[in-house]
Amino acid sequence: MKLIAGVDIGNSTTEVCIAQMDSEGRMRFLSSSSRATTGTKGTIANTAGIINGLEVAMERIGKNVKELSLICINEAAPVIGDTAMETITETIITESSMIGHNPSTPAGAGQATGTILYMQHLEDGKTGIPYIVVASSKYSYESIAETINSYAKKLSIVGMILQADEAVLVENRLEQKIPIVDEVKYVEKIPEGIQAAIEVALVGQSIRMLSNPYGIATLLKLDANETKKVTPIAKSLIGKQSAVVIKTPFEHVKENKLPAGEIYFLGDSKTSVNVDAGADKIMEVLSQTGKINDISGQSGTNVGNMLRNIKKGMGELTKEEASEIKITDILAVDTLAPVQIFGALAGETCMEKAVGVAAMVKTKQLPMEKIAEELKKRLHIYVKVAGVEAVMASLGALTTPGTKLPLAILDLGGGSTDAAIINENGSVVTTHKAGAGELVSMLIQTELSLSTRHIAEEIKKYPLAKVESLYHMRLENGAIHFFEEPIEPKYFGNVVLLHPDKMIILEDDIPMEKIVAVRREVKKKVFVRNAMRALIEVAPEHNLRNIENVVLVGGSAQDFEVPEMLMEEFANYKIVCGRGNIRAIEGPRNAVATGLVMSYIGERHD
Ligand code: ADP
Ligand code: MG
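Residues numbered from 1 in each chain as written. Chains lettered and ligands numbered in written order. Predicted model: local features only at pLDDT ≥ 70, side-chain atom pairs only at ≥ 80, totals over all residues. Heavy atoms only, no water.

A. Looking closely at the overall build of the protein chain. Secondary structure assignment for the protein chain yields 15 helices and 30 strands. Looking at the protein chain as a whole, 53% of its 606 residues are labelled buried. Long-range pairs, those at least 24 residues apart, make up 67% of the contacts in the protein chain with a sequence separation of at least 6. When the accessible surface of the protein chain is totalled, it reaches about 27000 Å², and 51% of it is carbon and sulfur. (Helix = DSSP H or I, 4+ residues; strand = E, 2+ residues; numbered from the N terminus. Buried < 20%, exposed > 50% of the residue type's maximum accessible area, 1.4 Å probe, protein only. Contact = heavy atoms within 4.5 Å. Areas by Shrake-Rupley, 256 points an atom, 1.4 Å probe, with all protein chains shown as cover.)

The following block contains the structure:
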């Protein structure tokens, strides 16, 4: 009796399965495991993850790795997926200062325009000029109120900016009520003597004037040209409870314009498209270009820099010259990304139209033989590089109950969405399309301005709920779930992720409905489009109606909503589509590893 291992090294995950073969050649699968791939796919660094995966799988059946007779690893396609994001519409960054924030307790309501004057300089104030007085936290609220009350008799004081969180305390003591913005950390950065506008919203509302370019224009008396330049500032102040906008002298305004740029497709024909045309147009031009040899961008533009960086990054990883690296496919997605506003005194950002891009990079043949040799050396076990990834995935997928030939598979991975069709006579057509799970996580992170990719990954994977009392929560689909025991108070009022083992509190303060909408939209934009592109390419006569069955495999096929989205889409073509269940137990995972073992045993008997 021999023990055989199949090992699939993916961009993200290394999967292992173990089968035993008796003397008559009958095979039985015993165990499997899955580990994060160590290093870039196709490099010697992968061996650590492979050995670890083998150890775990063998341990599960109470055996040692040394008892293996053979390890089969995949012949990886020489393509690697990478994702990048740029705000590649034209960005205009204007050097104008502003503060917009949600202090917990601003005071007064309304707006005011005036000249900035520090409190310690009030004696230099002139009558007839409206002033906005700035007070640092050196002064107590009592002394601030007292000073303002006494000067208010001589000077026109129309508003205040405080460093401390004391707006209400000051306002209560003022004889004439004025809007006060507090908790402004860097008051010393506010230049004296220039015009500023402040606004405090009524309780439960948000500001109206300073979040509107024409509102700023009205308060600060801007002309049409200046108004255009404050638009990003207005956008970034939407939804705030209070704000300050300072008019900087426009001779000093620096503008930094980086055009979005053209994308050049080099293929059966040569085409180009401007990024401003949007993702749909980019993808349309790409599909008209036919087979692609390389994709590049206009130099000195946002998209040019982005595509150059992808090639450079990949070149460093695979130790090839950037000029040798070819991009063979991209997926462009319209999105929104936060852009830092120059001149913001508290790191404010505004959401700008952006394009996210995933690219498929063609490298030299990946040196799987080298990995095989390294494994042999370290484990003293025979290692065979066997079979093309997509073919193996098809073989593995066929172990899903209810499938038959011809069969189409969609491998929804981390970096790429791959498709293959396997016929009755065993011939296989395959393709690799840029963009999959990693792009989805990246887009979720930027559109929701999340602090880490990890949170974005978790939002991608688990449904949401809002804990409305200690006894119940509202699920994202509207249903109410009651707890048998009251839950810990820390969950109260929070949006949580329903991880199977625990509830994860989302620290970022974003409404549940918005997260759900962004999450679903992003998944559709990436997976529905890519599934279509990939299947059309492998379908007989490039017609989806010639496909009957599609089995979904790979890490992203575990997604709780992507398979349903695809099922719905393919129902229009009368295609049976569903999540695979490899060997009736693995779900959509382990297809390639399983296929590797099957193909080895099949070969022996042919
Ligand atoms: P590869 O074959 O390229 O190594 P995988 O098939 O392992 O890739 O897929 C990795 C992707 O699957 C990652 O983007 C990961 O976020 C995603 N993924 C893993 N588990 C889940 C899940 N439960 N729901 C949604 N996506 C998942
Ligand atoms: Mg894979």
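B. The arrangement of the environment of Ala224 in detail. Residue position: Ala224 is located in helix H5 (residues 224-229). Since its relative accessible area comes to 67%, Ala224 is described here as exposed. Distance in space between the C-alpha atoms of Ala224 and Leu448 is 32 Å, their sequence separation being 224 residues.

C. Structural detail: the site of ligand 1. The environment of ligand 1 is made up of 17 residues, and the closest members are Ser12, Thr13, Lys460, Gly555 and Arg589. Take Thr13: an N or O atom from its side chain is 2.3 Å from an oxygen atom of ligand 1. When ligand 1 is considered free in solution it has 570 Å² of accessible area, and contact with the protein chains removes 84% of it. Contributing elements (two or more residues each) for the shell around ligand 1: helix H11 (437-447) and helix H12 (453-461). Of the residues forming the shell around ligand 1, the biggest block, three residues, is contributed by H12. Within the shell around ligand 1, the residues separate by chemical class into no nonpolar, 11 polar and six charged. (Near = heavy atom within 4 Å. Polar contact = N/O pair within 3.5 Å; in protein donor to acceptor, adjacent residues only side chain to side chain. Nonpolar A, V, L, I, M, F, W, Y, C, P; charged D, E, K, R; others polar.)

D. Broad picture of unusual backbone geometry. Of note, the bond from Leu405 into Pro406 is cis; its omega dihedral lies within 30 degrees of zero at -10 degrees. Note on placement: Pro406 falls in the loop between helix H10 (389-397) and strand S21 (407-412). In this model, His542 sits at a positive phi of 55 degrees, which is unusual for a non-glycine residue. Secondary-structure assignment places His542 in the loop between helix H13 (512-538) and strand S29 (549-553).

E. Representation of the sheet that holds strand S4 (residues 70-75). The five strands lie next to each other as S3-S2-S1-S4-S20, forming an open sheet whose pairing is mixed. Edge positions in the sheet fall to strand S3 (27-36) and strand S20 (382-388), since each of these pairs with one other strand and no more. Put simply, the sheet's adjacent strands are angled 25 degrees from each other on average, direction ignored. Bridge analysis of strand S1 (residues 2-9) against S4 gives four bridges, and the strand direction is parallel. (Pairing = 2+ DSSP bridges. Axes fitted to C-alpha atoms, helices over the stretch in contact; angles between N-to-C directions.)

F. Inspection of the packing of helix H1 (residues 46-59) against helix H9 (residues 368-379) at higher detail. Where H1 meets H9, the axes come as close as 10 Å, and the angle between the chain directions of the two elements is 55 degrees. When the axis of H1 is compared with that of H9, the two are oblique. Of the two elements, H1 crosses H9, and the hand of that crossing is right-handed. Residues Asn46, Thr47, Ile50, Ile51 and Leu54 of H1 form the contact with H9, whose participating residues are Ile371, Glu374, Leu375, Arg378 and Leu379. (Parallel < 35°, antiparallel > 145°, perpendicular 65-115°, else oblique. Left-handed = near helix turned anticlockwise from the far one by under 90°.)

G. The confidence of the model for the protein chain, seen in detail. Looking at the protein chain, the pLDDT average stands at 88 and 92% of residues meet or exceed 70. Scored below 50 in pLDDT, residues 89-95 makes 30 contacts in the model with residues more than four places away or belonging to other chains. Low pLDDT, under 50, characterises residues 250-254; the stretch is placed with 10 contacts to residues that sit more than four places away or in other chains. (pLDDT = per-residue confidence, 0-100.)

H. Representation of the pattern of salt bridges. A complete count under the given rule lists 25 salt bridges for this structure. Of the charged contacts in the structure, one is a salt bridge between Arg26 and Glu24, with a shortest N-O distance of 2.9 Å. Judged by relative accessible area, which is 53%, Glu24 ranks as exposed. Ionic pairing is found between Lys461 and Glu457, a salt bridge with its closest N-O pair at 3.8 Å. Linking Lys461 with Glu457, this pair stays in helix H12, spanning four residues, or about one helical turn. (Salt bridge = Lys/Arg side-chain N within 4 Å of Asp/Glu carboxyl O.)

I. Broad picture of helix H4 (residues 213-220). Those residues of H4 lying buried are Gly215, Ile216, Ala217, Leu219 and Leu220. On its buried face, H4 is in contact with strand S8 (110-118), strand S12 (195-200), H5, helix H6 (231-236) and strand S13 (242-246). With a side-chain oxygen lying 2.9 Å from the backbone nitrogen of Tyr214, the N-terminal cap of H4 falls on Asn212. At the exit of H4 stands Lys221, carrying a positive phi of roughly 55 degrees.

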